[in-house]
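Each chain is listed here by its residues.
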Amino acid sequence: MKAFVFPGQGSQYLGMGKDFYENFEEVRDIHSKVNEKLGFNLTDIIFNDEEKLNLTEYTQPALVITSYIVYKIFKDKKNINPDFVAGHSLGEFTALAVAGSMSIEDAVYITHIRGKLMQSAVPEGKGLMAAIIGLDANQIEETLKSIDGVVEIANYNSYEQTVISGERSAVEKAMEVLKTKGAKKVVPLAVSVPAHSSLLKEKAQEFADYLEKIEIKDANIPVISNVTAKPITKSEEIKAELKVHFYSPVRWVQTVEYLASEGVKEIYEIGPKKVLTGLIKRINKDINLKNIETLGDVENA
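Each value, and the rule that gives it
Residues numbered from 1 in each chain as written. Predicted model: local features only at pLDDT ≥ 70, side-chain atom pairs only at ≥ 80, totals over all residues. Heavy atoms only, no water. Helix = DSSP H or I, 4+ residues; strand = E, 2+ residues; numbered from the N terminus. Contact = heavy atoms within 4.5 Å. Salt bridge = Lys/Arg side-chain N within 4 Å of Asp/Glu carboxyl O. Buried < 20%, exposed > 50% of the residue type's maximum accessible area, 1.4 Å probe, protein only. Phe/Tyr/Trp six-rings, centres within 6.5 Å; stacked < 30°, edge-to-face > 60°. Lys NZ or Arg CZ within 6 Å of the ring centre and 35° of its normal. Axes fitted to C-alpha atoms, helices over the stretch in contact; angles between N-to-C directions. Parallel < 35°, antiparallel > 145°, perpendicular 65-115°, else oblique. Left-handed = near helix turned anticlockwise from the far one by under 90°. Core = buried A, V, L, I, M, F, W, Y, C linked by side-chain atoms within 4.5 Å. Pairing = 2+ DSSP bridges.

**What about the environment of L295?**
Part 1 of the argument: Positionally, L295 belongs in helix α14 (residues 295-300).
Part 2 of the argument: The sequence separation of L295 and F74 amounts to 221 residues, and the corresponding C-alpha distance is 8.5 Å.
Part 3 of the argument: For L295, the residues in contact, after removing those within four places along its chain, are D19, F20, N23, F24 and I73.

Take a look at the structure:
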């Protein structure tokens, strides 16, 4: 059994996917259709404008299109089919496009909207996210209950790494307290949005309205939900998932555990960098991991 997984925000870099763009007309066609749908030149931002690329509203669609085209060429060349797909946070939209639940144009459009809404949800400097290293997630959950203000678990990334998110003052207080509880390291993250926290709940309502404007179909491949760490395939459950997705925690540990329990022995991380490969290694050492990021990776696979 095989699974394909797709990276989330933080994996972007200038020029990602350029080798595919230069070598395949169908990739240039996808870019062209996406730019038309967006009404601006995302391709130019990915290849030439690092400052814009790192703004959430551009980062999100840029990663979705890049991971998708890497997948597309890989599938065309190697004809390897996954039994499951999953994505980390934003990567779930790539997984849905790969599973045929939404078109790549709609996936890119809706993640541009998602990025804009997330960015506008909380004033600059008011939110914060931090990685907590070396402390059990249950202990973190218990500790957060005693902190005043909004601070919640955003990502269950691996057994050693949990990310918290919320109001800056509450997250800073939690970081202090978690250090005294035995966290090996607490690292504030360089992000401008407290993602996967209830501070984004209001904007999620707005996002739900945009979701109604795109076609969401049943998935051809089971997509492992970030919210429940269980497979979703029906269009209605996918829509319901996406309405709560950006203020719910990402259950990555539980996703990998589920895949392993279903007999998945091989996971391909498809798209920029190798962040998920690093996390999966720490969750389950028995899974065979492969990275497909460049044209060279596709040819050598």
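**Quick notes on the pattern of salt bridges**
Part 1 of the argument: Following the criterion strictly, the structure yields 13 salt bridges and no others.
Part 2 of the argument: Residue E212 is joined to K239 by a salt bridge in which the shortest nitrogen-to-oxygen separation is 3.6 Å. Of this pair, E212 sits in the loop between α10 (201-211) and β7 (223-224) while K239 sits in helix α11 (residues 235-245); the two residues are 27 residues apart in sequence, bridging distant segments of the chain.
Part 3 of the argument: Judged by its relative accessible area of 46%, E212 falls in the partly exposed class.

**Quick look at the packing of aromatic side chains**
Part 1 of the argument: By the definition in use, this model includes 11 aromatic pairs.
Part 2 of the argument: Between F4 and F74, the aromatic rings sit 5.9 Å apart at their centres with planes inclined by 50°, giving tilted as the arrangement. Remark: F74 occurs in helix α5 (residues 56-78) and F4 occurs in strand β1 (residues 2-6); sequence separation between them is 70 residues. Across this residue pair, the class does not change: F4 and F74 are buried.
Part 3 of the argument: Measuring from ring centre to ring centre gives 5.5 Å for F74 and Y268, while their planes differ by 45°; the resulting arrangement is tilted. With F74 in helix α5 and Y268 in strand β10 (residues 266-270), this residue pair connects regions lying 194 residues apart in the sequence. You'll find F74 and Y268 in the same group, each marked buried.
Part 4 of the argument: An aromatic cluster is built from F4, F6, Y68, Y71, F74 and Y268, whose rings are joined through pairwise contacts.
Part 5 of the argument: K37 extends its terminal NZ or CZ atom over the ring of Y109, reaching a point 5.1 Å from the ring centre.
Part 6 of the argument: The cationic tip of K213 hangs over the ring face of Y210; the distance from NZ or CZ to the ring centre is 4.7 Å.

**Some details on the packing of α5 against helix α7 (residues 104-121)**
Part 1 of the argument: Packing of α5 against α7 brings their axes to within 7 Å, and their N-to-C directions diverge by 155°. Between α5 and α7, the interaxial angle falls into the category roughly antiparallel. In this structure, the crossing between α5 and α7 has a hand that is right-handed. When α5 is examined against α7, the residues T56, E57, Y58, Q60, P61, V64, I65 and Y68 are found in contact with a partner set consisting of I104, A107, V108, T111, H112, R114, G115, K116, M118 and Q119.

**Here's the deal with the nonpolar core**
Side chains that are nonpolar tend, in soluble globular proteins, to be buried together.
Part 1 of the argument: In this structure, F4, F20, V85, M102 and I270 are the most contacted members of the largest nonpolar core, which totals 68 residues.
Part 2 of the argument: A total of 11 residues in this core trace back to one element, the largest contributor, which is α5.
Part 3 of the argument: Of all hydrophobic cores here, the second largest spans 38 residues; its members include F84, L144, A183 and L259.

**Thoughts on the sheet that holds strand β9 (residues 250-251)**
Part 1 of the argument: Strand order in the open sheet made by the 5 strands is β6-β3-β5-β4-β9, with mixed pairing throughout. Either end of the sheet is taken by a strand with one partner, and the two such strands are β6 (185-188) and β9.
Part 2 of the argument: Here strand β4 (residues 151-156) runs beside strand β5 (residues 161-167); their pairing, made up of 5 bridges, is antiparallel. In the strand pairing of β5, I153 is matched with I164.
Part 3 of the argument: Across the sheet, helix α9 (residues 168-180) is in contact with β3 (127-133), β4, β5 and β6; its angle to β5 comes to roughly 145°.

Interpretation note: all reported values are geometric properties and have no functional meaning in isolation.
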